[in-house]
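Below, each chain spelled out in residue letters.
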Amino acid sequence: MLIAVALAALAADIVSKTVVVATLQDRAPVRLLGGLLTLRETRNSGAAFSIGTGYTIVFTVIACGVVVAILRTARNLRSLPWAVCLGLLLGGAIGNLLDRLFRAPAPLKGHVVDWIEFPHYPVFNLADSAIVCGGVLAVVLAARGLQIDGTRLTGKDGDEDGDGEPDGSAAGPPAAEEPPAARDAKDVKAPETAPRTGGEPPPRDGTASPAAGDEDVPAREEKP
């Protein structure tokens, strides 16, 4: 997908520049849609949108570095949206790089062909559009937590799948709630009773047993 998107963006840029140079070079601009869109062939020695004119060699080296970085990053690519994003960036970077390498006035100093103009907006080309669209898509994907390797990050530490649980653990069913009667039974403590000796059973009428010496002792019968 990355290669297909990059080739499509590159082909559209090369074909459009070829047509513009053949039909609009040294000619008056063509105004369309009541002046909303103007087709004007210009040459840009700087970066996108005519930024940094006069530093053509610097931007050529930067463009080469961007292409190499994208190709190295593509080895870890496991996400379709990121493939589209990097494909747009790669196709746009190569499109402008080819102009700097092979167009006048000299190799590595070539001027990029720009031809699309909107009111109050710098002139640009399809390669610039691909780079801008790829950059915007990269920001959106990063904001949503989607990584190049296909994983997704969330705001919570260790939670990548968005289920509120640390990664690698599944959210199980909640534990069964204990019945209120069982909780009340646990909260009620058995009354503490004084230890009894001699195996004397506790009184059944709820009164305390008589103290030693208080009970009536039956008289012993004397034998004649």
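Our structure is the block above this text.
So, here is what we can say about the structure in this document. (Residues numbered from 1 in each chain as written. Predicted model: local features only at pLDDT ≥ 70, side-chain atom pairs only at ≥ 80, totals over all residues. Heavy atoms only, no water.)

### Regarding the overall build of the protein
Summing up its helical and strand segments, the protein has five helices and three strands in all. Across the 224 residues that make up the protein, the buried fraction comes to 27%. Counting only contacts in the protein whose residues sit at least 6 apart along the sequence, the fraction spanning at least 24 positions is 57%. Per element, the accessible surface of the protein, about 15300 Å² overall, is 62% carbon and sulfur. (Helix = DSSP H or I, 4+ residues; strand = E, 2+ residues; numbered from the N terminus. Buried < 20%, exposed > 50% of the residue type's maximum accessible area, 1.4 Å probe, protein only. Contact = heavy atoms within 4.5 Å. Areas by Shrake-Rupley, 256 points an atom, 1.4 Å probe, with all protein chains shown as cover.)

### Topic: the pattern of salt bridges
Considering all chains together, one arrives at five salt bridges under this definition. In this structure, E41 engages R43 in a salt bridge whose closest nitrogen and oxygen atoms are separated by 2.7 Å. Residue class for R43 comes out partly exposed when judged on its relative accessible area of 33%. Linked through salt bridges whose partners overlap, the residues forming this network are D13, K17, D99 and R103. (Salt bridge = Lys/Arg side-chain N within 4 Å of Asp/Glu carboxyl O.)

### Concerning the nonpolar core
Counting 16 residues, the largest nonpolar core has L2, L77, W82, L86 and L90 as its most contacted members. Broken down by secondary-structure element, the contributors of at least two residues to this core are α1 (2–24), α2 (56–73), α3 (80–102) and α4 (126–143). Considering each element in turn, this core owes the most residues, seven residues, to α3. Excluding residues that lie within four positions of it along the chain, L2 makes contacts with A74, L77, A83, L86, G87 and L90. (Core = buried A, V, L, I, M, F, W, Y, C linked by side-chain atoms within 4.5 Å.)

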